[in-house]
Amino acid sequence: MSTSENSVSRKVKVWDLPTRLFHWLLVIGVFAMWLTADVLDRLGLHMAIGLALLGLIVFRLVWGFIRSDTARFAQFVRHPRHTLAYLKGVNRGVWLGHNPLGALSVLALIFSVMVQLVTGLFANDQIFNEGPLSDYVSESTQDLMSLIHGINFNVLLGLIALHLLAIAFHQFKKHEPLVQAMITGKRALQPDETVQNQNLRFAGWFAFIIAALIGVGVWYLMSYHASIVAGWLGLH
């Protein structure tokens, strides 16, 4: 048997389809938000994309509490000692999904996107564009939310840059096919590689439909019935 045959890799499932769709739709959505706000000056379209992303983020939050292990917060958000061990190189095995350090990056990105979207709901440029909930808060609150919205976008850009650098490091320096795995859902493992988190479980279509309906429901309410949401939040 040849050396190449001896070193044939095996492929294991890492990411389910809903998680991969979320990832790439978020990439497209964040880019589109930057493009419509800073380049095209199409703030109406910017707001529409933001509301769609809000539904997407709500979907991801719900999906993060359902059974797919690599998407569940309870599975990939680990104790600080695991992160320290990873940084020290104590555990040399492969982490399927997010490694302990990558999990922190993902949480920071999701949180920053949430801040961006929520503050946008209350923002008001005092000219033509305003968030769907801006009419239900004071002008000082609108100004504060607009300020945070602008500052946080720069924070988000910094987090995205760090995320891309980390991906490039793992992809080209450590030869870990992270991008391919997020496209195909599977990762190639070499025969000598050991997996730290084995026996992964993945949620089915019923769970996906429930999470998707909740996300679509949030988008619909914020897009067409913001007053109802304002009432629920006690903003009237």
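What counts and what doesn't
Counting of residues starts from 1 at the beginning of each chain's written sequence and follows it residue by residue. Totals for whole chains, interfaces and linings use every residue, but because this is a predicted model, local features are given only for residues with pLDDT of at least 70 and side-chain atom pairs only at 80 or more, for both listing and counting. Side-chain numbers come from the whole structure's heavy atoms, not from hydrogens or water. Put simply, DSSP H or I for four residues or longer makes a helix, DSSP E for two residues or longer makes a strand, and each gets a number counted from the N terminus. Note on exposure labels: buried denotes an accessible area under 20% of the residue type's maximum, exposed denotes more than 50%, and partly exposed covers the range between, all computed with a 1.4 Å probe on protein chains only. Positive charge is attributed to Lys and Arg, negative charge to Asp and Glu, and no charge count is given to His or to the chain ends. For charged residues, the charge sits on one atom: NZ in Lys, CZ in Arg, CG in Asp, CD in Glu. Here, axes are lines fitted to C-alpha atoms. For helices the fit covers the stretch in contact, and angles between N-to-C directions go from 0 to 180 degrees. Whether a crossing is left-handed or right-handed is set by the direction in which the near helix is turned from the far one by less than a right angle, anticlockwise for left-handed and clockwise for right-handed. Contacts were defined at the residue level, with two residues in contact if any of their heavy atoms lie within 4.5 Å. Nonpolar residues are Ala, Val, Leu, Ile, Met, Phe, Trp, Tyr, Cys and Pro. Charged residues are Asp, Glu, Lys and Arg, and all others, Gly as well, are polar. Salt bridges, as used here, are contacts in which a Lys or Arg side-chain nitrogen is within 4 Å of a carboxyl oxygen on Asp or Glu. Within this scheme a cavity is a closed region of a 1 Å grid, computed over the protein atoms alone, that accommodates a 1.4 Å probe without allowing it to escape, whereas a pocket is open but has protein on both sides within 12 Å along at least five of seven lines; lining residues each have an atom within 4 Å of a point. Grid points are joined across faces, edges and corners, and a volume is the space filled by probe spheres set on the points. Here a polar contact means two N or O atoms within 3.5 Å. Within protein one must be a hydrogen donor candidate and the other an acceptor candidate, and residues neighboring in sequence count only if both atoms are side-chain atoms. If DSSP finds at least two bridges between two strands, the strands pair. When the centres of two rings from Phe, Tyr and Trp lie within 6.5 Å, Trp using its six-membered ring, the rings pair. Their planes under 30 degrees apart give stacked, over 60 give edge-to-face, and anything left gives tilted. In our convention, an over-ring charge means Lys NZ or Arg CZ found within 6 Å of a ring centre and within 35 degrees of that ring's normal.

## Describing the overall build of the protein
A count of helices and strands for the protein gives ten helices and two strands. When the helices and strands of the protein are listed from N to C terminus, the series reads α-β-α-α-α-α-α-α-α-β-α-α. Principal-axis analysis of the C-alpha atoms places the extent of the protein at approximately 70 × 35 × 35 Å. Per-residue burial over the protein gives 39% buried out of 236 residues. For the protein, the distance from the average position of its 17 positive side-chain charges to the average position of its 13 negative side-chain charges is 18 Å.

## Some details on the packing of helix α3 (residues 43-63) against helix α9 (residues 205-224)
Orientation of α3 relative to α9, taken along the N-to-C sense of each, is 150°, at an axis distance of 8 Å. For the pair α3 and α9, the crossing hand works out as right-handed. Two secondary-structure elements touch here, α3 through L51, A52, L54, G55, V58, F59, V62 and W63 and α9 through A207, F208, A211, A212, I214, G215, V218, W219, M222 and S223. Residue composition of the contact of α3 with α9, grouped by class: 15 nonpolar, three polar and no charged.

## What to know about the pattern of salt bridges
Taken as a whole and assessed by the stated rule, the structure comprises two salt bridges. The closest approach of N and O atoms between R201 and D69, which form a salt bridge, is 3.7 Å. With a gap of 132 residues between them, R201 in the loop between β2 (186-189) and α9 and D69 in the loop between α3 and α4 (73-76) connect regions that are remote in the sequence. Its relative accessible area of 37% is what places R201 among the partly exposed residues.

## So, the layout of surface pockets
Within this model, the second largest pocket holds a volume of roughly 470 Å³. Forming the boundary of the second largest pocket are 24 residues, of which L43, H46, G120, A123 and H149 lie nearest the centre. Looking at the lining of the second largest pocket, the elements with two or more residues in it are α2 (17-39), α3, α6 (100-122) and α7 (139-173). Looking at the lining of the second largest pocket element by element, the count peaks at six residues for α3. By residue class, the composition of the lining of the second largest pocket is eleven nonpolar, ten polar and three charged.

## Some words on the side chain of D16
With respect to the helices and strands, D16 occurs in the loop between β1 (10-13) and α2. There is a polar contact of 2.5 Å between the side chain of D16 and the side chain of T19.

## Side note on the pairing of β2
By the alternation rule, side chains of β2 split into R187 and L189, which are all buried, and K186 and A188, of which none is buried. Inspection of the sheet shows β1 paired to β2 by four bridges, in the antiparallel sense. Within β2, the position partnered with K11 by the bridge is A188.

## What about the side chain of R20?
With respect to the helices, strands and loops of the structure, R20 is situated in helix α2. The buried charged residue R20 lacks any salt bridge partner; its closest oppositely charged side chain belongs to D16, at an N-O distance of 6.2 Å. Beyond its immediate sequence surroundings of up to four residues, R20 is in contact with W15, A181, M182, I183, T184 and G185.

## With respect to the packing of aromatic side chains
This model, assessed by the stated rule, comprises eight aromatic pairs. Arranged with centres 5.9 Å apart and planes meeting at 80°, the rings of F59 and F208 form a pair that is edge-to-face. Highlighted residues: F59 in helix α3 and F208 in helix α9, separated in sequence by 149 residues. The exposure class assigned to F59 is buried, which follows from its relative accessible area of 7%. Three or more aromatic residues link up through ring pairs in this structure, and these residues are F59, W63, W205 and F208. Here the guanidinium or amino end of K13 rests over the ring plane of F202, the centre of that ring lying 4.5 Å away. A cation over an aromatic ring shows up here: R60 above the ring of F22, its NZ or CZ 5.8 Å from the ring centre.

## Remarks on the environment of A211
Looking at the secondary structure, you find A211 in helix α9. Between the C-alpha atoms of A211 and V62, which are 149 residues apart in sequence, the distance is 5.7 Å. Not counting residues within four places of it along the chain, the set of residues in contact with A211 comprises F59, V62, W63 and I66.

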